[in-house]
Amino acid sequence: MSIFTHLGKYYILMAQAFAKPDKFKVVWKRVIDEMEAIGIGSIPIVAILSVFMGAVTLLQMAYNFSNPLVPDYTEGLATRDTMILEFAPTIISLILAGKVGSSIAGNLGTMKVTEQIDALEIMGVNPQSYLIMPKVVAALFVFPFIVVIAIFLGTFGGYVASLLTGVVSVEKYVFGIQYDFEPFYVTYALIKAEFFALIITSVASYQGFITSGGAKEVGDSGTRAVVYSCIIILLFDLILTQLLLTV
Amino acid sequence: MITVENISKSFETKDVLKNINLDLKRGEVNMIIGKSGAGKSVLLKCLVGLFDVDKGRILYDDRPFSEMGYQKKKEVRKEVGMLFQGSALFDSKTVLENVMFPLTIFSDKSPEEIKERALFCLRRVNIEEHADHLFPAEISGGMQKRVAIARAIALQPRYLFCDEPNSGLDPQTSIVIDNLIKEITVELDITTIVISHDMNSVMEISDTISFIHNGQKWWEGSRDDIMTTDNQEVVDFVYASNFMKTLRENFNKG
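What counts as what
Residues numbered from 1 in each chain as written. Chains lettered and ligands numbered in written order. Predicted model: local features only at pLDDT ≥ 70, side-chain atom pairs only at ≥ 80, totals over all residues. Axes fitted to C-alpha atoms, helices over the stretch in contact; angles between N-to-C directions. Helix = DSSP H or I, 4+ residues; strand = E, 2+ residues; numbered from the N terminus. Parallel < 35°, antiparallel > 145°, perpendicular 65-115°, else oblique. Left-handed = near helix turned anticlockwise from the far one by under 90°. Contact = placed C-beta atoms within 7 Å. Nonpolar A, V, L, I, M, F, W, Y, C, P; charged D, E, K, R; others polar. Buried ≥ 20, exposed ≤ 12 C-beta atoms within 10 Å, placed from the backbone. Pairing = 2+ DSSP bridges. Core = buried A, V, L, I, M, F, W, Y, C linked by C-beta atoms within 7 Å.

*Asks:* Please provide a residue-by-residue account of the packing of helix α3 (residues 95-106) of chain B against helix α4 (residues 111-124) of chain B, values included.
*Replies:* All names here are of chain B. Closest axis-to-axis distance for the α3/α4 pair is 9 Å, and the angle between their directions is 125 degrees. The pairing of α3 with α4 is recorded here as oblique in orientation. In this structure, α3 crosses over α4, and the sense of that crossing is right-handed. In this structure, α3 contributes Leu-96, Val-99, Met-100, Leu-103 and Thr-104 to the contact, and α4 contributes Ile-114, Lys-115, Arg-117, Ala-118, Cys-121 and Leu-122. Residue composition of the contact of α3 with α4, by class: eight nonpolar, one polar and two charged.

*Asks:* Explain the interface of chain A and chain B to me, using residue names and the numbers behind them.
*Replies:* The interface of chain A with chain B comprises 13 residues on the first partner and 15 residues on the second. Broken down by element, the residue count for the side of chain A that touches chain B peaks at six residues, all from helix α5 (residues 116-123) of chain A. Of the residues contributing to the side of chain A that touches chain B, the split by class is five nonpolar, three polar and five charged.

*Asks:* Could you give an account of the pairing of strand β6 (residues 80-83) of chain B, with specific residues and numbers?
*Replies:* Residue and element names in this part refer to chain B. Alternating residues of β6 divide into Val-80 and Met-82 and Gly-81 and Leu-83, and every residue in both groups is buried. Alignment of β6 against strand β7 (residues 159-163), held across four bridges, turns out to be parallel. Paired with Met-82 across the bridge in β7 is Phe-161.

*Asks:* Describe the packing of α3(B) against helix α5 (residues 141-153) of chain B, listing the residues and the values that go with them.
*Replies:* Residue and element names in this part refer to chain B. Relative to each other, α3 and α5 sit at 25 degrees, their axes nearing to 7 Å. Considering their axes alone, α3 and α5 lie roughly parallel with respect to each other. In the packing of α3 onto α5, the handedness of the crossing is right-handed. Together, Val-95, Asn-98, Val-99, Phe-101 and Pro-102 of α3 and Val-147, Ala-150 and Arg-151 of α5 make up the contact between the two elements. For the contact of α3 with α5, the residue count by class is six nonpolar, one polar and one charged.

*Asks:* Let's hear about the environment of Val42(B): which residues, and what values?
*Replies:* Residue and element names in this part refer to chain B. As for its placement among the helices and strands, Val-42 is situated in helix α1 (residues 40-48). Spatially, the C-alpha atom of Val-42 lies 7.6 Å from that of Val-16, the residues being 26 residues apart in sequence. Those residues in contact with Val-42 that sit more than four places away from it in its chain are Lys-9, Val-16, Leu-17 and Phe-51.

*Asks:* Quick one: what's the story with the nonpolar core, residue by residue and with numbers?
*Replies:* By size, the foremost hydrophobic cluster in this structure holds 132 residues, and its most contacted members are Ile200(A), Val99(B), Ala150(B) and Phe161(B). When residues in this core are grouped by element, the largest group, 17 residues, is from helix α6 (residues 127-165) of chain A.

See the structure below:
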């Protein structure tokens, strides 16, 4: 299939997914379940990664900013801005593309090859709306929270690194993370999080829905979901940065 | 009753179904048999609307199902129950939740009434109480089929489709499933269509038999007719085993 065929099919799938649900109460319950699976289930990995990313970023900043002309608090400021601008929204989304994307594609792919999706359709249930919409809505709701958590924990990771290694004094680090704060950077990070949430869940759902065959094809769908999501995330990272951060 | 009028279906250059006509009667088990690759499953998927036909019409009690739009088809589908070859139970839901699912989506009953109806359907297919909270992966293939039948009849369908209901089951369990399909057909007075290659099932429960060969309806008749037919393709298919050959000889001797 050509890329245009895939784009057309993806568009049709999303249009079906956001059609009026059969029973709003049932779909809402599914949204809550998905929020738990996507959001709560991702917090441990996000927490570990964020703390280590923040700590390593501070150490690298300290190593690179060893020039006496650069003020000491710069390391804190750079760690904070790196976390807000790139690491929390983009790197965490790339990690979640692996965790959440492969899970969605695997789950829907298995449902497809075992005729569970056909069973929904024959019952008169809109399978796209029942299965995809709650995942997308849940991700749109929880991704901003995950990104905010990642920003806080990344900055905290830097604090821990400064405390344990002493490359920057704790006072200077704390001063740095408060210095010249630009609130729009957080808005920018949250806008990116929303786009990436949509990309991860919709691309993975599409890959799951077009699965046919058996176990091997389900595995291939999971791999394709992760690879395509990551590429599209990086592409949109570039586009959104150009649109939102350049004057 | 389901009427199939001259339907054809192709995939790329391959003609899978060619000008098929069928009358699938209410209150009867309408069996569709044929060799692997003959087009039975494609025919079933066309009947339930999973595939669109290229030519011809499918009428559900005179309603032109194959010509309906998505929303109208969806309404008709609420009257359809289907038993899939692999059961197609939702593996993230328990046995009870699987049967409650169509009721939760489509009925206006209270949660208590929904549960009561689901339990009634489970008891109807002889699922013991302790199995209600098990997941599909935790029960046997025969039980999965019975749960799938319970789910299919939960909304009291007018049409029941069964795709190879006995595949992967031992002979004793197969008979249980066959009898259940026959009983439900008579009890609910519904149109039942069964796709099978299991000759035991054909001889046990079929009222009418349609033989599909190379994408065409090759032969049609009753259980008695199949014992006396001289249609070579039907004879080759049905009487492939020595047991069936002996059965036919004995039947014809009277």
